[in-house]
Every structure is written in structure tokens, then in C-alpha cells.
Amino acid sequence: MTEPNTESAAPTAAAAPKTIRIFDTTLRDGEQSPGASMNLAEKLEVAQALADLGVDIMEAGFPIASPGDFEAVREIATTIRGPVICGLARCNDKDINRAWEALRDAETPRIHVFLATSAIHRKFKLNMTEDEIVNRAVEGVKLAKSLCDDIEFSPEDAARTEHDFLCRVVEEAIRAGATTVNIPDTVGYATPVQMGKTIATLVNRVPNIDQAVISVHCHNDLGLAVANSLFAIENGAGQVECTINGIGERAGNCSLEEITMALHTRSDIYPFRTNINTRRLVPCSRLVSSVTGLLVQRNKAIVGRNAFAHEAGIHQDGMLKERTTYEIMRPEDVGFSKTDLVLGKHSGRAALADRAKALGHHLTDEQLQKVFERFKVLADKKKEIYDGDITALVEQQFQEQQEQRWELEDFHVTSGKSVQPHVRLQLRRDNEVYSAEVDEGDGPIDAAFWAVEQITGVKLVCKDYQVRSATLGRDAQGEAILEVEYQGRSYRGRGVSTDTVEATLKAILSAVNRIAALERA
Ligand code: KIV
Ligand code: ZN
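Please read all numbers here as calculations on a predicted model, not as lab measurements. (Residues numbered from 1 in each chain as written. Chains lettered and ligands numbered in written order. Predicted model: local features only at pLDDT ≥ 70, side-chain atom pairs only at ≥ 80, totals over all residues. Heavy atoms only, no water.)

Looking now at the coordination of the zinc ion (ligand 2). Distances from the zinc ion (ligand 2) to its protein donors, Asp29 (OD), His217 (NE2) and His219 (NE2), fall within 2.0 to 2.2 Å. All donors of the zinc ion (ligand 2) belong to a single chain; written as a sequence motif, their spacing is D-x187-H-x1-H. Accessibility expressed as a relative area gives 4% for His217, which makes it buried. (Donors = N, O, S within 2.8 Å, 3.2 Å for Na, K, Ca; no water. Buried < 20%, exposed > 50% of the residue type's maximum accessible area, 1.4 Å probe, protein only.)

And the structure:
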């Protein structure tokens, strides 16, 4: 058995770089981040942005999980062209058939079947023996293969599975028809050398391994997801599973932008390439942040606002003399625009359409018209409209495109240091206007929550509330982002306005509307 490769793979002059397939799971594992659920219009927008980014495979969802998930996978499968569209299924007939129903109209569909294999999962979660696991995996893969040519199999918690058993399951899954075998570090427990060793073991010990692509799926509980994925690639993985901004269960998944730029920037030592258009990374990151409400930390590698900001004088001096003294990547290569192009009151529909397109938004004529109407209203309030404003307007449009049960009709708020907050609120539903007046709460925001609750009857527990400016300047639009809990589940709400109380009311209503939509589904 060859030793795992723990050193950087040295390129040979003549060898063409191997293409690493980028499997994006923002819409499935990423959406499992608490409160990050997206509506159908948002999912379609993200899916199109992922296709524009050049991902090879996108995991569009888990069709059995809910009617909404099913519908989203089906819609993505029927409308998005380019990448392989994948749907997740547990290893049972019902899940697999449902996944196929959602995927069957895709240009290139893939069913992704998973079953846990580690001793701890076998004993406590599944109560199954090793033989039973192998048989179930084989049956599941065979059923999926009878429906679809492209099958991925994941032994869940592979990183904690005994190597002998992992090799056996992987070999049997490939024999049953799996074309990709994905090795998840489900709980983010592995270390880089260990992950490399697991992949090297599969390469060396599974006799039919050449008939499948080895994939890796690393969670980030120890902050090692990107490093673990890199070691996996160095040791033979040909596919890496990742998400935009690294979102996902708990601490998230391997970040797409980081793994891609690591391979790209260090092509001097890595003989690997990807199909990613790196200039789409920042627009895609902003879109996902905006629709999920999961803010990107300022110092986040590659896409954070400070990723290319040089503060120290000595660095600035070096940069002026020669950029590469302190910069290993060019901001424009990951999609930061050199100039934040400004539109204004006199800009027309075509200019707005152009800018929205450059920012990665695909709008139908009808959607563009609606965004343009909002743009005109906003341009009357603030002189300069920046990229962040345009993204906020587009996102508001996508959010509201879903059936809106409650809409903000009007409001009036009084607050002050020595007065009791007072909110008068009017909401519209099905062309009827409902009113409430509230004199309680410890401030205008609390009072706004009470007023919405009085009208809608939906009692929300606020878990997180943030207001930030969407762009520069004192007249910037405020973006309110909420995470609320309702009947044990997390929901997100987002609202944008030049008035932060209005933005907050819109955010509360968007959470209430998401709850209503889910209850109807
Ligand atoms: O983390 C995990 O194990 C997963 C599998 C479903 C691939 O997400
Ligand atoms: Zn996962």
C-alpha cells in the first residue's frame, strides 16, 4: 500500500492538470443551516447563479424532505441547463423513487443515495449489522441505477468508519452501479492527514475504484473542511463537495470559494484545475448571503469585505510599489469590481438591466419592470444607487414574488427617551386592511413585533436581529435581518428600506409569510 500523500503534489512539466469536479450543495446541505431556508424563487435564482459560476454538479435538494423541497428540485431540474442536477435520497425505495420523480426531466440527472456506515451510527442510529448495511446499500444503489445512469453513493460518517468496512461498502456500491463514491466527514472530526489516508486507502485497496470518481464532503466543525478537502484531492479525490460561503449544518461545509481559489492560486504546486469562473465568486457569495440572511464575516477569505483591504502603512507602501508584495490574488479575479458603478434618478431601464445582469441577476421583463419601479422610488429618496442597492431591490422582488399573505399597508411609530413607544399599523391581506394600535414594548421594534402579532396572531420569538446598511452613506438603505422561532422551528425574515423601522416591519412580515407558506405546503 502506498503512503498517503501529505506533501504538495509536484506537477510534472508535461502532465495536463486534472479537472476537479465541483459539486455544490448550497441548496441542500447549505439550506440546512438554521433559519437559512429559501423560497422557490430564491432557490431558482441561486441555482442559475451556480450554473453561471460553472459548478459541475449542483445538489438541488432532498425531494422527500417536504413538498417544497420536491417542487424546488423539480423546477431546477426542468429549467437549469449546464450542470448535473442532483437530488438526495436515503437508502430506501420511497426516497429514491421520489428523488427520481423530481429529477427525471433534468438534462443530466444524478441520484445521491446515502447510508451511515460508522460503528456509532450502526449501533445507535440504525441498529443494523455490517452485513445488513452492505445489503441495504447495494439494494438502494441498484434501484437508483435502474432509474438513472449517474449514481452517487455516500457512506455517511465515512471519516469515522473502520477502513476495512469502508472499503467493503465502497466496493459493493460501485459493483451495484455507483459512479461516484462520496466520503463524508459528517461531523467534521477528521484531520487533513487522516482524510488523505482514508482516500489513499480506498485508492489502494478497493479493486474496482477506477470505475468511480472519489468525492469528499467535509464539514467544518474544527475549521478544517478546506484543508481536509485539499488533502483528499491530493490523495486521489476527483470531486469536492462544498457550499458558497461555506454555509451548512452547524459550522458549515467546505467553502467553495476557498477550495477553488486554493487550487487556482497555488497551481504552482497543485496539478489540478476546476471549471469555476472565479470572477463570479463575489456576486454569488453576495447573492447567497442576501437570500439566506447569513452574513459573511468581514475577514472571510476570498469574499469577505476586508479580504483585500490593506490597513497597515507598510503594506500600503509595498502595494503601491509592487502589488504582489502583499497580494496573492487580484480582487478582480474573484469578482470584486474595481468601481462600484453608480446609477441615479436619470438612469434608465436599460442601464439598470445591464447592472443587474453584471451582478448575476437574471430577470424576466416583468421582474425587471417591477425592480425598475422600485428603483425609481428609491432614486427619488437617495441620489446615488450602488450595486448593494440593486441587489437589495432584486432580492426584495424575489422574496415578494412568492405568495404574500400579509403586506405592509401603512405604519406610524412614536418613540423617545421619555415616552412610551406607540405603533399604529395597517396590514393588507387578500385586499382587506387590518389595523392595530400598540402602546407596549420596551422600544419601537418590540412594539412593532407586538402590533404584527396582534393582527396576524403569529407569536414569534426573536432569536437574532440585525440592521446594517446595504451600501455607503448616511442615506443608505437599511437591511433588517431577523431570525425568529415559531413552534420550535427557525425562520428568517429580511426587509429593506431607507427607514429602518419600515425595514424591520418588512422583515417581520417576511418571516410571518414564510411561516404561512410552510403551513400551507
Ligand atoms: O454530511 C453528510 O454526511 C451528508 C451526506 C448526506 C452526504 O451531508
Ligand atoms: Zn453534509
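Let's pick the thread back up.
A separate point is the packing of aromatic side chains. Scanning the model with the defined rule gives five aromatic pairs in all. Both rings, one in Phe308 and one in Phe336, keep their centres 5.6 Å apart while their planes meet at 70 degrees; by these two values the pair is edge-to-face. Linking Phe308 in the loop between helix 10 (281–292) and helix 11 (313–321) with Phe336 in the loop between helix 11 and helix 12 (349–358), this pair joins segments that are 28 residues apart in sequence. An identical accessibility class is assigned to Phe308 and Phe336; each is buried. Positioned above the aromatic ring of Phe70 is the side chain of Arg98, whose terminal nitrogen or guanidinium carbon lies 3.7 Å from the ring centre. (Phe/Tyr/Trp six-rings, centres within 6.5 Å; stacked < 30°, edge-to-face > 60°. Helix = DSSP H or I, 4+ residues; strand = E, 2+ residues; numbered from the N terminus. Lys NZ or Arg CZ within 6 Å of the ring centre and 35° of its normal.)

Before going further, it helps to examine the pairing of strand 5 (residues 109–116). Where burial is concerned, most of strand 5 is hidden: eight out of the eight residues are buried. Burial of strand 5 is two-sided: the residues Pro109, Ile111, Val113 and Leu115 facing one way and the residues Arg110, His112, Phe114 and Ala116 facing the other way are all buried. Relative to strand 5, strand 4 (residues 84–90) runs parallel, the two sharing six bridges. Its bridge partner lying in strand 5, Ile85 is registered against Pro109. In this fold, strand 4 hands off to helix 3 (residues 93–103), which returns the chain to strand 5; that crossover is right-handed. In this sheet, strand 6 (residues 151–156) lies alongside strand 5 in parallel orientation, the contact comprising six bridges. Bridge pairing in strand 6 places Leu115 opposite Pro155. (Pairing = 2+ DSSP bridges. Right-handed = clockwise from strand over helix to strand, strands pointing away.)

For the rest of this paragraph, the subject is the site of ligand 1. Surrounding ligand 1, one finds Arg28, Asp29, His112, Phe114, Ser154, Glu156, Asn182, Pro184, Thr186, His217 and His219. At a separation of 2.9 Å, an oxygen atom of ligand 1 approaches a polar side-chain atom of Arg28. One nitrogen or oxygen atom from the side chain of Asp29 is found 3.1 Å from an oxygen atom belonging to ligand 1. Contact with the protein chains covers 94% of the free accessible surface of ligand 1, which is 260 Å². (Near = heavy atom within 4 Å. Polar contact = N/O pair within 3.5 Å; in protein donor to acceptor, adjacent residues only side chain to side chain. Areas by Shrake-Rupley, 256 points an atom, 1.4 Å probe, with all protein chains shown as cover.)

Looking now at the sheet that holds strand 14 (residues 461–469). Each strand in a sheet pairs with its neighbour through backbone hydrogen bonds, running either in the same direction (parallel) or in the opposite one (antiparallel). Spatially, three strands are ordered 14-15-16 in an open sheet, and the strand pairing comes out antiparallel. Of all strands in the sheet, those bounded by a partner on one side alone are strand 14 and strand 16 (489–497). On average, adjacent strands in this sheet sit at an angle of 15 degrees to one another, irrespective of strand direction. (Axes fitted to C-alpha atoms, helices over the stretch in contact; angles between N-to-C directions.)

A separate point is the domain arrangement of the protein. Here the domain parsing of the protein yields domain 1 (18–292), domain 2 (308–333), domain 3 (349–401) and domain 4 (405–520). Taking the mean C-alpha position of each, domain 1 and domain 2 sit 36 Å from one another. At the boundary of domain 1 with domain 2, total buried surface from both sides reaches about 400 Å², with 50% on carbon and sulfur atoms. Taken as a group, Met261, Thr265 and Arg279 account for 85% of the area that domain 1 buries against domain 2, more than any other trio of residues on that side. Between the two partners, domain 1 and domain 2, sit one salt bridge. Of the charged contacts in the structure, one is a salt bridge between Asp333 and Arg279, with a shortest N-O distance of 3.0 Å. Put simply, domain 1 and domain 2 have two residue pairs in polar contact (both at pLDDT 80 or more) between them. When grouped by side-chain class, the residues that make up the side of domain 1 that touches domain 2 number one nonpolar, two polar and one charged. (Domains from an automatic or database assignment. Buried area = accessible area lost by both parts, 1.4 Å probe. Salt bridge = Lys/Arg side-chain N within 4 Å of Asp/Glu carboxyl O. Nonpolar A, V, L, I, M, F, W, Y, C, P; charged D, E, K, R; others polar.)

Taking 1.5 Å of rise per residue, the 18 residues of helix 5 (residues 130–147) would be expected to cover 26 Å, and the 26 Å separating its terminal C-alpha atoms lies within 8% of that figure. Burial in helix 5 covers these residues: Ile133, Val134, Ala137, Val138, Gly140, Val141 and Ala144. Projected onto a plane normal to the axis of helix 5, the buried residues spread over an arc of 165 degrees and lie on a single side. In this structure, helix 5 carries Glu139 and Ser146 as exposed residues pointing more than 90 degrees from its buried face. (Expected span 1.5 Å × (residues − 1). Arc of directions from axis to C-beta.)

What follows is about the nonpolar core. Counting residues in each nonpolar core, the largest one holds 94 residues, and the members touching the most others are Met58 and Ile111. For this core, the element with the most residues is helix 6 (residues 163–176), which contributes eight residues. Among residues more than four places away in sequence, those in contact with Met58 are Asp24, Leu27, Ala47, Leu50, Ala51, Ile76, Ile80, Pro83, Val84, Ile85 and Cys86. Formed by 29 residues, the second largest nonpolar core is a distinct cluster that contains Leu427, Ala447, Val452 and Leu460. (Core = buried A, V, L, I, M, F, W, Y, C linked by side-chain atoms within 4.5 Å. Contact = heavy atoms within 4.5 Å.)

Counting across every chain of the model gives one cavity of 30 Å³ or more. For the largest cavity, the calculated volume is near 60 Å³. As for the largest cavity, its lining consists of Ala49, Asp52, Arg280, Pro283, Cys284, Leu287, Leu359 and Gly360. If you tally residues by element for the lining of the largest cavity, the top one is helix 10, at three residues. Along the lines of polarity and charge, the residues of the lining of the largest cavity split into five nonpolar, one polar and two charged. (1 Å grid on protein atoms, 1.4 Å probe; cavity = no way out; pocket = protein on both sides within 12 Å on 5 of 7 lines; lining within 4 Å. Points joined across faces, edges and corners; volume = space filled by probe spheres on them.)

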